[in-house]
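# Coordinate analysis (summary)
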Amino acid sequence: MSSSVERNSNDRPRVLLVSTNRERQPYPVVPNGPACVASALDAAGHTVQFLDLCFARDPIARARDAAQRFRPDIIGVSVRNIDNSDAIALRHYTPEARSVLHALRDAAPGAKIVAGGAAFGVAPEALFRDLGVDYAVAGDGERASVALIDALAAGAAVESIPGVVRDRNGTVVFTPPGEDADLDSLPGPGLHRWIDLGRYQRNGATIPIQTKRGCVYKCIYCTYRNVEGWGYRTRDPELVADEIEQLKHNAGIRHFDFVDSTFNSPPGHALQVCEAITRRRLRVQLDTTNFTPAAASSELLAAMKAAGFRSLGITAESASDTVLEKLEKGFGATKVREVAERVESYGIKTLWIFLVGGPGETRHTLEETLQFARWRLLRGDAVYLTVGLRVYPGTTLHRIAVAEGAVPSESTLLDPTFYFSSQLEFDKTVRRLKQFASEHPRFMFSADSRSVVLPYLTRAASVLHLPRPHWQYMGLFQRVARAIG
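Please read all numbers here as calculations on a predicted model, not as lab measurements.

Cut-offs and rules
Residues numbered from 1 in each chain as written. Predicted model: local features only at pLDDT ≥ 70, side-chain atom pairs only at ≥ 80, totals over all residues. Heavy atoms only, no water. Helix = DSSP H or I, 4+ residues; strand = E, 2+ residues; numbered from the N terminus. Contact = heavy atoms within 4.5 Å. Areas by Shrake-Rupley, 256 points an atom, 1.4 Å probe, with all protein chains shown as cover. Pairing = 2+ DSSP bridges. Axes fitted to C-alpha atoms, helices over the stretch in contact; angles between N-to-C directions. pLDDT = per-residue confidence, 0-100. Salt bridge = Lys/Arg side-chain N within 4 Å of Asp/Glu carboxyl O. Buried < 20%, exposed > 50% of the residue type's maximum accessible area, 1.4 Å probe, protein only. Expected span 1.5 Å × (residues − 1). Core = buried A, V, L, I, M, F, W, Y, C linked by side-chain atoms within 4.5 Å. Polar contact = N/O pair within 3.5 Å; in protein donor to acceptor, adjacent residues only side chain to side chain. Parallel < 35°, antiparallel > 145°, perpendicular 65-115°, else oblique. Left-handed = near helix turned anticlockwise from the far one by under 90°. Phe/Tyr/Trp six-rings, centres within 6.5 Å; stacked < 30°, edge-to-face > 60°. Lys NZ or Arg CZ within 6 Å of the ring centre and 35° of its normal.

## Comments concerning the overall build of the protein chain
- Counting its secondary structure elements, the protein chain contains 19 helices and 19 strands.
- Within the protein chain, contacts between residues separated by at least 24 positions form 74% of all contacts whose residues are at least 6 apart in sequence.
- Looking at the protein chain as shown, the accessible area adds up to about 20,200 Å², and 49% of this sits on carbon and sulfur atoms.

## A word on the sheet that holds strand β14 (residues 311-317)
- Strand order in the open sheet formed by four strands is β14-β15-β16-β19, with parallel pairing between adjacent strands. Two strands in the sheet have a free side with no partner beyond their single neighbour: β14 and β19 (443-445). With strand direction ignored, the average angle separating the axes of adjacent strands in the sheet is 20°.
- As paired strands, β14 and strand β15 (residues 349-356) are joined by five bridges and run parallel to one another. Among the inter-strand pairings, G313 is bridged to a residue of β15, identified as L351.

## Considering the side chain of N32
- Position of N32 among the secondary structure elements: in helix α1 (residues 32-43).
- Leave out the neighbours within four places in its chain, and N32 touches P189, L191 and P208.

## Here's the deal with the confidence of the model for the protein chain
- Summary statistics for the protein chain give a mean pLDDT of 90 and a share of 90% for residues scoring 70 or more.
- Between residues 1-9, whose pLDDT stays under 50, and residues either more than four places distant or in other chains, the model counts 34 contacts.

## A word on the sheet that holds strand β9 (residues 207-209)
- With parallel pairing, three strands are arranged side by side in an open sheet as β9-β12-β13. Of all strands in the sheet, those with a lone pairing partner are β9 and β13 (285-288), marking the two edges. Averaged over all neighbouring strand pairs, the angle between strand axes comes to 35°, with direction disregarded.
- Here four bridges tie strand β12 (residues 255-258) to β13, and the two strands are oriented parallel to one another. Its bridge partner being in β13, H255 is matched across the sheet by Q285.
- With respect to the sheet, helix α10 (residues 237-251) is in contact with β9 and β12, its orientation differing from that of β9 by roughly 160°.

## Topic: the pattern of salt bridges
- By the definition in use, this model includes 23 salt bridges.
- Where R12 meets D150, a salt bridge forms, and the shortest distance between an N and an O atom there is 2.9 Å. Of this pair, R12 sits in the loop between β1 (6-7) and β2 (14-19) while D150 sits in helix α6 (residues 141-154), placing them 138 residues apart in sequence.
- Taking the relative accessible area as the measure of exposure, D150 reaches 26% and is therefore partly exposed.

## A word on helix α11 (residues 267-280)
- With 14 residues, α11 should cover 20 Å at 1.5 Å per step; its first-to-last C-alpha distance of 20 Å lies within 8% of that length.
- Buried within α11 we find H269, A270, L271, V273, C274, A276 and I277.
- Contacts made by the buried residues of α11 are with β10 (212-213), β11 (233-234), α10, β12, β13 and α12 (298-307).

## A closer look at the nonpolar core
- Formed by 88 residues in total, the largest nonpolar core has its most connected members in F258 and I277.
- Looking at this core element by element, the count peaks at six residues for α11.
- In terms of nonpolar packing, the next biggest core, distinct from the first, is built from 37 residues, F70, A119, A136 and V227 among them.

## Brief notes about the environment of D83
- In this structure, D83 sits in the loop between β4 (74-78) and α3 (94-107).
- In the structure, D83 is positioned 307 residues away from R390 in sequence and 9.3 Å away in space, judged by C-alpha atoms.
- Residues within four places of D83 in sequence aside, it is in contact with L90, R91, H92, Y93, R390, Y392 and P416.
- Looking at D83, its side chain comes within polar contact range of the main-chain nitrogen of S85, at 2.8 Å.

## Side note on the packing of α1 against α6
- The geometry of α1 relative to α6 is characterised by a closest axis approach of 9 Å and an angle of 45° between their N-to-C directions. Between α1 and α6, the crossing angle belongs to the class labelled oblique. Regarding α1 and α6, the two cross each other, and that crossing is right-handed. When α1 is examined against α6, the residues C36, V37, A40 and L41 are found in contact with a partner set consisting of G141, E142, S145, V146 and I149.

## A closer look at the packing of aromatic side chains
- One pass over the full model with this rule turns up 10 aromatic pairs.
- Among the aromatic residues, those joined into a ring-pair cluster are W352, F354, F372 and W375.
- A cation over a ring is seen here: R14 above F70, with NZ or CZ 4.3 Å from the ring centre.
- Over the ring of W375 we find R376, and its NZ or CZ is 4.5 Å from the ring centre.

If you want it as structure tokens, here you go:
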């Protein structure tokens, strides 16, 4: 299937949707959000073409060519992330997005450009200024995008549309997103209609499924509440199962990744989702890297195993009570150990995800986390660790960083800025972690995922149809990457 799909020729505005995310390490991410917007616009009767630049050899030329051929009235540009949140191997994404925007504007000078994506939920006003677009959408994109494009087509006012960023006489104005909790009335993403899913899978990606939006946890560094809102807006579990079943039958997909802020919270809803999938006897493999130790009952784990979970990623972030309390994770180190033993008892392999360098981190708390990591590595699990915490606007960590003088209060934070505990030395910490990694091949820095070899190894695993997730081969991948490097 081509990554450019045109539908519904009529006299309504022609909309070109462009996904600018090109990050492919450690694996590419299927653009679920832009597909949701494409399906919503399609359902509203607009002519939509979807352009995915992830695998484009020359994204600027590809964008320019698509705009010239399609001659859109509206160009929607998705910016997934500001950067990769990696202090050791930093990549800044907005400069490339800006270059794509300039090419699109040159190729279709009469088109209005509307930007959106998760990055705009994090910093809507600052990104609006930085990218110089006509309008932007923050928060849920489906309703806001349809309402904005309908208003532009009718020549109507856009001031009252929730979730829209605009310029008013030189001042950037943002109307906050609405509180519409009804996700079930939205069209499904229809990923296979817009995206070459096979190509993503061949490059190691899994196919995303969203069961809810929003979050109730207060993790000090996280942007989910900014992007999706406080509290949960859940989907009907049967509709989630419908989406999985349709992708299996229509696109041959058998491995799905739940991309909620936390899949297992609220636990009752996660349980219902698993039961709905089990009743269909779909024989699919399920995964998530968004699993919190705060809600991991035996009943839920049994239901997850029955539904198709064979592995998961647990976002513990630390194994030290001191750090977990400072991060406001909602659980302690004892809970982390209990959940580790419980998950293992159900035969579910685990990727443990940690952050090092947050408030309260010391050499002692770091060693507590490494002691836990060593225990889990010896039990066959894997560990993924990031050094330093990216500071995003509007988070508790932002307020802490400003109070400590680590970040100027006037900074927009579009230029990547990281928090690292003053009680640790960055270089010594990295050396300690590298020493630990040399002793444990299934231990990976986030920076290790930047290895130029890793995408080839991941693709080879996909071509050979090795069982997913591919992080379970981290030990082998690391040995090969380090040998070549």
